2 protein chains.
Amino acid sequence: MQDDEELEELVRENCACLRARMAARKLTRIYDKALKPTGLRITQFTLLIAVKDGRAKSVSALADLLAMERTTLLRNLKVLEEAGLVSSEPSGEGRALSLKLTASGKTRLHEALPHWQAAQRAVEAELGDDWPVAKSSLEQIIRGV
Amino acid sequence: MQDDEELEELVRENCACLRARMAARKLTRIYDKALKPTGLRITQFTLLIAVKDGRAKSVSALADLLAMERTTLLRNLKVLEEAGLVSSEPSGEGRALSLKLTASGKTRLHEALPHWQAAQRAVEAELGDDWPVAKSSLEQIIRGV
DNA sequence: CCTGGATTTGTGTAGGTACACTTTTTCCGG
DNA sequence: CCGGAAAAAGTGTACCTACACAAATCCAGG
């Protein structure tokens, strides 16, 4: 048991979770702003891409792929379904659902891609040579922890 | 169309925002779980520490310090006030509010510190020598972007 | 056939996030 | 002194996040 003041200082100077959340907030604002003209948010945008990709055979599998709690994904998908961008139907395998983009979803995704690219380029330019290092660090956290 | 496929691949393999959000989600689940017995979440915990520290002279200044949108911070503070852990009153300087921990807030923070430390140690152990690098990367994103 | 465990999807509740817009207060130049 | 710019706090709406709990479906052993 050490001094509380010291521990609090340690939290301020070292907390991995605080730092990750701060970084996520900053980046989310940047990407959301860039995607604004398309009416999509970065979460919805990446979700559309993950659904189109189709390598996840169920909502549960997709949640794992996105390091997202399953029920969170369910709520996020609901928004996209109500917007007519994604459709879901029984896949025939177990109780799993099959997800796919609607025509409207494909169009919106197509329109959004350049806006994403602009944000991504701005971020990479800002970070310069440190971006590959940062990317690798983030992926290690995602995989490892 | 083929161009789009390539861009979508780029999003999956490279998006800074997606990676930051995934990392934040993973870490948040770990820290929230560790803090569970205290009834605090990691956001509330770090907010208590930031308030106790007292180097922010207003809610707006505190928001900047935490890379958080001002109105988000307002809502998060409201939860802590209703829980009786934080109190706010006019500071006398401009329209700014003065924030401070209640006795109850100090107690809860004291109880939570060891739980935070356990989570932090686990994460640092998992990342090993890469933790300093990851930390530095996150801080660069927070500052730079 | 059928039951019990494993897998998957769904709901209730609660908190975290932020944009657009508004309201309140202060401060300062004329 | 006064009127407007600047700064700070507050509200409406909508979406993101996740735990606890429940319901539906499938599959293997009896």
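This one's a predicted model, so the numbers in the text were calculated from it and none came from an experiment. (Residues numbered from 1 in each chain as written. Chains lettered and ligands numbered in written order. Predicted model: local features only at pLDDT ≥ 70, side-chain atom pairs only at ≥ 80, totals over all residues. Heavy atoms only, no water.)

Take the protein's contact with DNA strand D next. In the vicinity of DNA strand D lie 26 residues, with B:Arg21, B:Arg25, B:Arg29, B:Ser60 and B:Arg70 positioned nearest. When the atoms of DNA strand D within 4 Å of the protein are grouped by moiety, sugar and phosphate amount to 53% of the total. Listing elements by their share of the surface near DNA strand D, those giving two or more residues are α3 (42–53) and α5 (70–82) of chain A together with α2 (16–35), α4 (59–65) and α5 (70–82) of chain B. Looking at the surface near DNA strand D element by element, the count peaks at five residues for α5(A). Considering only residue class, the surface near DNA strand D consists of six nonpolar, nine polar and eleven charged. (Near = heavy atom within 4 Å. Helix = DSSP H or I, 4+ residues; strand = E, 2+ residues; numbered from the N terminus. Nonpolar A, V, L, I, M, F, W, Y, C, P; charged D, E, K, R; others polar.)

With 64 residues of chain B in contact, the opposing surface of chain A contributes 63 residues. Taken together, both faces of the contact between chain B and chain A bury some 6300 Å²; the carbon and sulfur share is 67%. Counting the surface chain B buries against chain A, the share from its top three residues, B:Ile141, B:Ile142 and B:Val145, is 9%. The tally of links from chain B across to chain A stands at seven salt bridges. Among the ionic pairs, A:Arg19 bridges to B:Glu139, the shortest N-O distance being 2.8 Å. There are 28 residue pairs in polar contact (both at pLDDT 80 or more) connecting chain B and chain A. For the side of chain B that touches chain A, the secondary-structure elements that each account for two or more residues are α1 (2–14), α2, α3 (42–53), α6 (103–127) and α7 (130–144) of chain B. Ranked by residues supplied to the side of chain B that touches chain A, first place goes to α2(B) with 16 residues. Broken down by class, the residue content of the side of chain B that touches chain A amounts to 33 nonpolar, ten polar and 21 charged. (Contact = heavy atoms within 4.5 Å. Buried area = accessible area lost by both parts, 1.4 Å probe. Salt bridge = Lys/Arg side-chain N within 4 Å of Asp/Glu carboxyl O. Polar contact = N/O pair within 3.5 Å; in protein donor to acceptor, adjacent residues only side chain to side chain.)

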